[in-house]
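Inside the fold
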Amino acid sequence: MKGGQRIELFLAAACFTLLSIGSASKVGAEAPISYNRQIRPLLSDRCFQCHGPDANHREAGLRLDEREAATSETDSGYIAIVPGQLDESELVARITSDDEGLVMPPVDSGKSLNKEEIELLKRWVDQGAEYQPHWAFIVPKQGKLPAVEQSDWPQGPIDHYILARLEAEGLAPSDETNRITLIRRVTLDLTGLPPTREEVEAFLADQSPDAYERLVDRLLASPHYGEHMARYWLDAVRYGDTHGLHLDNYREMWPYRDWVVRAMNNNLPWDQFTVMQIAGDLMPAASLDDKIASGFNRCHVSTNEGGSIAEEVYVRNVVDRVSTTGTVFLGLTMGCAVCHDHKFDPITMRDFYSSFAFFNNLDGPAMDNNRADPAPTIKAPTPEQSEQLASLRSKLAEAEKKLAQPWPEVDELQDQWETATLQQVEQSDSDAAAFGLWHSVGPFRSDVRYLRSRRHGPEGKPVDPGQTFEVSDGETLAWQERPEWIDGEIHNDLSQKVSATFLYRQIVSPKEQTITIGLGTDDGAKVYLNGKRIFRTTQSRGVTPNENQVELKLAEGSNELLIKVINHGGVSGFCFTPPEAREGMPAEVLGALRVTSEERNAEQQASLQQHYRLQECPLDEVQQLKQQVDQLQSKIVELEAAIPTTLVMKERAEPRPSFLLARGQYDAPDKEAGPLPRQVPQFLPPLPEGATQDRLGYAKWLVMPENPLMARVTVNRFWQQFFGIGIVETADDFGSQGSWPSHPELLDWLAVDFREHGWDVKRLVKQIVMSRTYRQSSKTTSELLEVDPRNRLLARGPRFRLDAEVIRDQALAVSGLLVDQQGGPSVKPPQPDGLWKAVAYTGSNTRLFVADTEAEKVHRRSLYTFWKRTSPPPQMTTLDAPSREACVVRRERTNTPLAALLLLNDPQYVEAARALAQRSMLEAGGPQGKIAETMLQLSLLRKPTQQEIDRLVSVYNESLPRYQQDAEAAVKLLGTGVAPVSEELDRAELAAWTLAANVVLNLDEVLTKE
């Protein structure tokens, strides 16, 4: 609602009783004025911008949002408000003045007061100008349930409060809606999907007193419940599959989306849900889910634009976190205090930047580097992947254990091999270089251009196989020995992600000499010898042995060979071929071989045994074990490469100082005043005693009982989901500019009840949908529409157009196309060509849209649709879905011709119509009337009237001749989408029924929740 509309509503309230929106006749002239309900909204809209909390922009030294200031002498010597004395109050003199130079608000402000508003302010001053704390900043308390005359109607506290208000207005609740409408309403509200025809029939047949409650319990237990509830949350947290700015590249974060679905289905208590998202990474012994949940703080848009200033981007990211947290959990417009004190609410810049300090310590870069996984990130295996990985590792350990166990037959062969090999070594050229054991470390992740141009890990420094490396996703990489790597063979077991892996070995030369080795890599490579780069290739290629001949100028003694293999994506590996086969034996093995068996230490013995069993032993049993080890290692590498990553929070070891930023400018920190402490807004209760001064302490503050906002804001948004409008309409603003609650006592009762019952979301939801308020018929009368056009009093049930995702999912469901598969990477249903390209840079990896073609992808729920933030799915945005570039907790709901254009012509809706037509024809298997009846019943869930059947048949008959005469047109229409066309059906008839089904799917009754 716009500000002017809110004021109009509040001023109307000034003429009625405190519980009234309606008739002025109910109040006498001396009725007490409510500051919170009638005066604060008026002053906030007309006066606070110049005479409110913002000290830096306050005019004439006058502050009207606090009674003490408003009743004190101003800079001019006048007193704005003298309680009870109209003639002495400068405010009254100014608002009633005929002088355009004196009247307030100024004429050119566009906020002049009308006669009713002036009289309201005068009455308030005359009555003593009482102020009240803003209602939302007072801790909610449960009052006594209001008395009602129709005492047999309420089935719980919700109904008591609604009925009491209705009776005060001289209204009565509507009858309960019919059972078909009720099951459709509650099923759509709890799962985002329509009930099946069989579910409707079962509910109609069940006449037991608890039939509806058991229906609700079944829906709350459905996995579709979590999917539907998660959709609202993803709007709030601005979740997307791309970064949102500049190249708008792909961002891998869907494990966070799937965690939200699981949390909703598991009924994770809302306080835990909140704490995990604000500070899951800081929880003691943080679990994988705790860390994934902290991605809430990383959902903001990001960039890597060349002209961007890293510090500016960093500040913008933190500002977004603070603003989003303020909106989602507190219902406050915190972002209005970035550049100056809030003009309407008591949020100072110091409050904002003290809150900023909690979120200002990310251990990661400001820029996203155009990567799918800008640091910090974690690997987030699905349960199935975790299970598979554990199984493979267990089998590998078992196989390696068998290879290392005592094996007399193999040991005897090893003794023979040692003797023969030593003789060959002693007879060989004494100038031959000895090649040491391979070691590897990686992957080091970055863009290909940075992998080529920048140094990573051990690059540019002496190699220490004992060194470890901290990488951007928080993982620690360590050198690993790779005894299984045999020279001259291709090894395609490096990381399959875009990354660099380093290979290292020592080469011992008895003299200074130059040798030539063969090298093949997938893809590019850099070769370093003794710290100096001697070779480089940037090709994208597969491994070809000896593709490059590289000269190594060896020094006498030990030499360090370091190879950086740069993978551009997909399979990656290498092949290294020494000058002579014998030189492929690691130096460690040669060294151990020259020591007598009696004098060898345990390490030398193990080195020899490992080399012989992995590379030399001819026994079939050993070769089979070695092959098993190789296969298991390859599967582990492949599986690990497939494990998704997700963005998370991670604290820096040393807290980053936060300063108040003048005018909100990133480069204007007030260093003279010094760093700000981590504090919550000062007008709200302080952090709980003993709380840590970090995000975890802040999260616990949000959910503590003394916080007046958290529970109210939360229950209000859930209420909004079911009734279309929250008890507080401005779900994103509980401050002075926000709407007055339609039922304030009910809001407080729900908030306290929710908190005191363990923040149990499913319990709250069940309370709402079980109420008689929710179960009312949505039918209305002209008289009721005149009194309450927007159903704020709830004398009837909710009725509004379904959201974009529900409309699409419903079409897929009733047509039989919907694929019931939860979780996983986002999918790309078809959309018009060129939309992505029109907004994309040439270097973007989301420049060109390529639709998925598999039914198991394109027919999945809309929750899983790929969300490119600079060009969101048009099927969603045309029906008012947000872009997800910023936090949205309240979608607009509009009616435009574009909606009909989309629903009648979009390929997926045409395909759904075709599938619905095919389903109806196959199920009915009879005359036209039966097909029409089946089609209507599948879509409307009720038995259609004969008139409706006849009209649909006429649509079919009008279309049929065209397709009978133009078979090509029928084939073209039926070719829309990927669902198969039944061979049993006549093509012309199916095409004609497709048009009829298209009409049905666009009926108001189908697109609306009744």
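In this convention, every chain numbers its residues from 1, walking through the sequence in written order. Whole-chain, interface and lining totals are the exception, using all residues; otherwise, since this is a predicted model, local features are given only for residues with pLDDT of at least 70 and side-chain atom pairs are given and counted only at 80 or more. Side-chain calculation: all heavy atoms of the structure are included, whereas hydrogens and water are not.

1. Side note on the overall build of the protein
Defined as follows: Going along the chain from the N terminus, every DSSP run of H or I of four or more residues is numbered as a helix, and every run of E of two or more is numbered as a strand. Note on classification: 1.4 Å probe, protein chains only; a residue is buried when its accessible area is under 20% of the maximum for its type, exposed when over 50%, partly exposed between these limits. Note on charges: Lys and Arg go in the positive column, Asp and Glu in the negative column, and His and the chain ends are not counted at all. Just so you know, the charge point we use is NZ for Lys, CZ for Arg, CG for Asp and CD for Glu.
On a plain count of helices and strands, the protein comes out with 38 helices and 17 strands. Projecting the C-alpha coordinates of the protein onto the three principal axes gives extents of approximately 120 × 85 × 50 Å. For the protein, buried positions account for 55% of its 1010 residues. Across the protein, the mean location of the 108 positive side-chain charges is 2 Å away from that of the 145 negative side-chain charges.

2. Details of unusual backbone geometry
The residue after Met-104, namely Pro-105, is reached through a cis peptide bond having omega -5°. Here the amide bond leading from Gly-442 into Pro-443 is cis, since omega sits at 5°, within 30 degrees of zero. Within the secondary structure layout, Pro-443 lies in strand E3 (residues 439-445). Phi is positive for Ala-129, which is not a glycine, with a value near 50°. With respect to the helices and strands, the residue Ala-129 is situated in the loop between helix H6 (115-126) and helix H7 (157-168). Not every positive phi belongs to a glycine, and Arg-238 is a case in point at roughly 55°. Here Arg-238 is to be found in the loop between helix H11 (223-236) and helix H12 (254-265). Residue classification places Arg-238 among the buried residues on the basis of a relative accessible area of 1%.

3. Digging into the pattern of salt bridges
Side chains that differ in charge, positive against negative, can pair when their charged atoms come close. Inclusion rule: Salt bridge, as used here, is a side-chain nitrogen of Lys or Arg placed within 4 Å of a carboxyl oxygen of Asp or Glu.
Enumeration over the complete set of coordinates arrives at 59 salt bridges. Here Asp-258 and Arg-257 are joined by a salt bridge, their closest N and O atoms 3.0 Å apart. There is no split in this pair, since Asp-258 and Arg-257 are both buried. Here Asp-487 and Arg-505 are joined by a salt bridge, their closest N and O atoms 3.0 Å apart. In this pair, Asp-487 sits in the loop between strand E6 (480-481) and strand E7 (491-494) while Arg-505 sits in strand E8 (residues 499-509), placing the two residues 18 residues apart along the sequence. For the pair shown, Asp-487 and Arg-505 are each scored as buried.

4. Some thoughts on the UniProt feature "domain: DUF1549" (unreviewed entry) in the protein
Here is the rule: UniProt positions are given in the numbering used here, feature names are shortened, and annotations may be inferred rather than shown by experiment.
Here, UniProt's "domain: DUF1549" (unreviewed entry) annotation points to residues 157-362. As annotated, residues 157-362 comprises 56% helix and 0% strand, and the C-alpha atoms at either end are separated by 45 Å.

5. Things to note about the pairing of strand E11 (residues 532-537)
Note the cut-off: Should DSSP find at least two bridges between two strands, the strands are taken to pair.
Taken together, the five bridges between strand E10 (residues 524-529) and E11 define a ladder with antiparallel strand orientation. Of the residues in E11, the one forming a bridge with Ala-525 is Thr-537. Where E10 folds back on E11, the antiparallel hairpin that results is connected by two residues, among which Asn-530 adopts a positive phi of roughly 55°.

6. Quick word on the packing of helix H35 (residues 946-965) against helix H36 (residues 967-974)
Test applied: Think of each axis as a best-fit line through the C-alpha atoms, taken over the contacting stretch in the case of a helix, with angles from 0 to 180 degrees between the N-to-C directions. These descriptions rest on fixed angle ranges, namely under 35 degrees for roughly parallel, over 145 for roughly antiparallel, 65 to 115 for roughly perpendicular, and the rest for oblique. Two residues form a contact once any of their heavy atoms are found within 4.5 Å. Here the nonpolar group is Ala, Val, Leu, Ile, Met, Phe, Trp, Tyr, Cys and Pro; Asp, Glu, Lys and Arg are the charged ones; every other residue, Gly included, is treated as polar.
Two numbers describe how H35 lies on H36: the axes approach to 5 Å, and their chain directions differ by 110°. In this view, H35 runs roughly perpendicular relative to H36, as classed from their interaxial angle. Between H35, through Arg-962, Tyr-963 and Gln-965, and H36, the contact on the second element is made entirely by Ala-967, Ala-969, Ala-970 and Leu-973. Taken together, the residues that form the contact of H35 with H36 break down as five nonpolar, one polar and one charged.

7. Thoughts on the environment of Lys-779
Mapped onto the elements of the fold, Lys-779 is located in the loop between helix H26 (761-770) and helix H27 (782-787). Given a relative accessible area of 68%, Lys-779 falls into the exposed group. Along the backbone, Lys-779 and Glu-1010 are 231 residues apart, and their C-alpha atoms lie at a distance of 8.4 Å. Not counting residues within four places of it along the chain, the set of residues in contact with Lys-779 comprises Ser-174 and Arg-796.

8. Here's the deal with H11
Side chains of residues three or four places apart in an α-helix project in the same direction, reflecting 3.6 residues per turn. Selection criterion: N or O atoms within 3.5 Å of each other form a polar contact, as long as, within protein, one can give a hydrogen and the other can take it, and as long as residues adjacent in sequence are counted only when both atoms are side-chain atoms.
Among the 14 residues in H11, twelve count as buried, and that is most of the element. For H11, the capping residue at the N-terminal end is Ser-222, with a side-chain oxygen 3.0 Å from the backbone nitrogen of His-224. Backbone geometry just after H11 places Arg-238 at a positive phi near 55°.

9. Considering the side chain of Thr-501
Locating Thr-501 in the fold gives a position in strand E8. Setting aside its immediate chain neighbours within four residues, Thr-501 contacts Val-441, Pro-443, Leu-494, Ser-495, Ile-563, Lys-564 and Val-565.

10. Here we look at the pairing of strand E12 (residues 548-554)
Side chains of E12 alternate between two faces, with Asn-548, Val-550, Leu-552 and Leu-554 buried and Gln-549, Glu-551 and Lys-553 left unburied. As judged from the seven bridges shared by strand E9 (residues 513-522) and E12, these two strands associate in the antiparallel manner. Residue pairing in the sheet places Gly-518 in a bridge with Gln-549 of E12.

11. What about the packing of aromatic side chains?
Test applied: Aromatic rings from Phe, Tyr and Trp, with only the six-membered ring used for Trp, were paired whenever their centres fell within 6.5 Å, and each pair was classed as stacked if the ring planes differed by under 30 degrees, edge-to-face if by over 60, and tilted otherwise. The rule for a charge over a ring is simple: NZ of Lys or CZ of Arg within 6 Å of the ring centre, and within 35 degrees of the ring normal.
Enumeration according to the criterion identifies 36 aromatic pairs in this entry. Taking 6.1 Å as the distance between ring centres and 85° as the angle between the ring planes, the aromatic pair formed by Phe-723 and Tyr-774 counts as edge-to-face. Pair noted here: Phe-723 is in helix H24 (residues 710-723) and Tyr-774 is in the loop between H26 and H27, with a separation of 51 residues, a long-range link. Here the two residues Phe-723 and Tyr-774 agree in accessibility, since each one is buried. Ring-pair connections join several aromatic residues into one group, and the members of that group are Trp-233, Tyr-256, Trp-259, Trp-270, Phe-273, Phe-296, Phe-329 and Phe-718. Residue placement shows Arg-454 over the ring face of Tyr-450; its charged tip is 3.7 Å from the ring centre.

12. A look at the UniProt feature "domain: DUF1553" (unreviewed entry) in the protein
Within the UniProt annotation, "domain: DUF1553" (unreviewed entry) is assigned to residues 695-955. Secondary structure across residues 695-955 divides into 48% helix and 1% strand, with the first and last C-alpha atoms of the span separated by 61 Å.

13. Some words on the nonpolar core
One recurring pattern in soluble globular proteins is that nonpolar side chains are buried together. Selection rule: The criterion is simple. A nonpolar core is a set of buried Ala, Val, Leu, Ile, Met, Phe, Trp, Tyr and Cys residues joined through side-chain atoms within 4.5 Å.
In terms of nonpolar packing, the biggest core is built from 125 residues, with Tyr-212, Trp-233, Tyr-256, Trp-259, Trp-270 and Trp-719 touching the most fellow members. With residues near it in sequence (within four places) discarded, Trp-233 still touches Tyr-256, Val-260, Met-264, Trp-270, Phe-273, Gln-277, Phe-296, Val-328, Phe-329 and Arg-717.

14. Observations concerning the layout of surface pockets
For clarity, the threshold we go by: Residues are called lining when one of their atoms sits within 4 Å of a cavity or pocket point, these points coming from a 1 Å grid over the protein atoms alone, where a cavity is a set in which a 1.4 Å probe fits but cannot get out and a pocket is an open set with protein on both sides within 12 Å along at least five of seven lines. Grid points are joined across faces, edges and corners, and a volume is the space filled by probe spheres set on the points.
Counted as a void, the second largest pocket has a volume near 1,200 Å³. What lines the second largest pocket is a set of 43 residues, and nearest its centre among them are Gln-480, Arg-482, Ile-636, Val-637 and Glu-640. Every element with two or more residues in the lining of the second largest pocket is listed here: helix H17 (383-404), E3, strand E5 (476-478), E6, E7, helix H21 (602-616) and helix H22 (620-642). When residues in the lining of the second largest pocket are grouped by element, the largest group, seven residues, is from H22. Partitioning the lining of the second largest pocket into residue classes produces 19 nonpolar, ten polar and 14 charged.

15. Observations concerning the side chain of Asp-906
For Asp-906, the location among the structural elements is in the loop between helix H32 (897-905) and helix H33 (907-924). Although Asp-906 lies buried, it forms no salt bridge, and the closest oppositely charged side chain, Arg-808, sits 6.5 Å away as judged by the N-O distance. If we ignore the near neighbours within four places in the chain, the residues touching Asp-906 are Gln-875 and Leu-901.

16. Focus: the environment of His-611
Along the chain, the position of His-611 falls in helix H21. When the C-alpha positions of His-611 and Asp-852 are compared, they lie 48 Å apart, and in sequence the two are 241 residues distant. Polar contacts involving the side chain of His-611 include one to the side chain of Glu-616, which spans 3.2 Å.

17. Quick word on helix H25 (residues 744-756)
The condition that has to hold: Expected helix span is given by 1.5 Å per residue-to-residue step, counting one fewer step than there are residues.
The first and last C-alpha atoms of H25 sit 18 Å apart over 13 residues, in line with the 18 Å expected at 1.5 Å per residue. Across the 13 residues that make up H25, a large majority, eleven, are buried. Tucked inside the fold, the buried residues of H25 contact H7, helix H13 (270-279), H24 and H26. Among the residues trailing H25, Gly-758 stands out with phi positive, at a value near 75°.

18. Some words on the packing of H7 against H25
Close contact between H7 and H25 brings their axes to 9 Å; oriented N to C, the two are set at 170°. The orientation of H7 with respect to H25, classified from their angle, is roughly antiparallel. On the side of H7, the interface is formed by Pro-157, Ile-158, Tyr-161 and Ile-162, while H25 contributes Glu-745, Leu-746, Trp-749 and Leu-750. Partitioning the contact of H7 with H25 into residue classes produces seven nonpolar, no polar and one charged.

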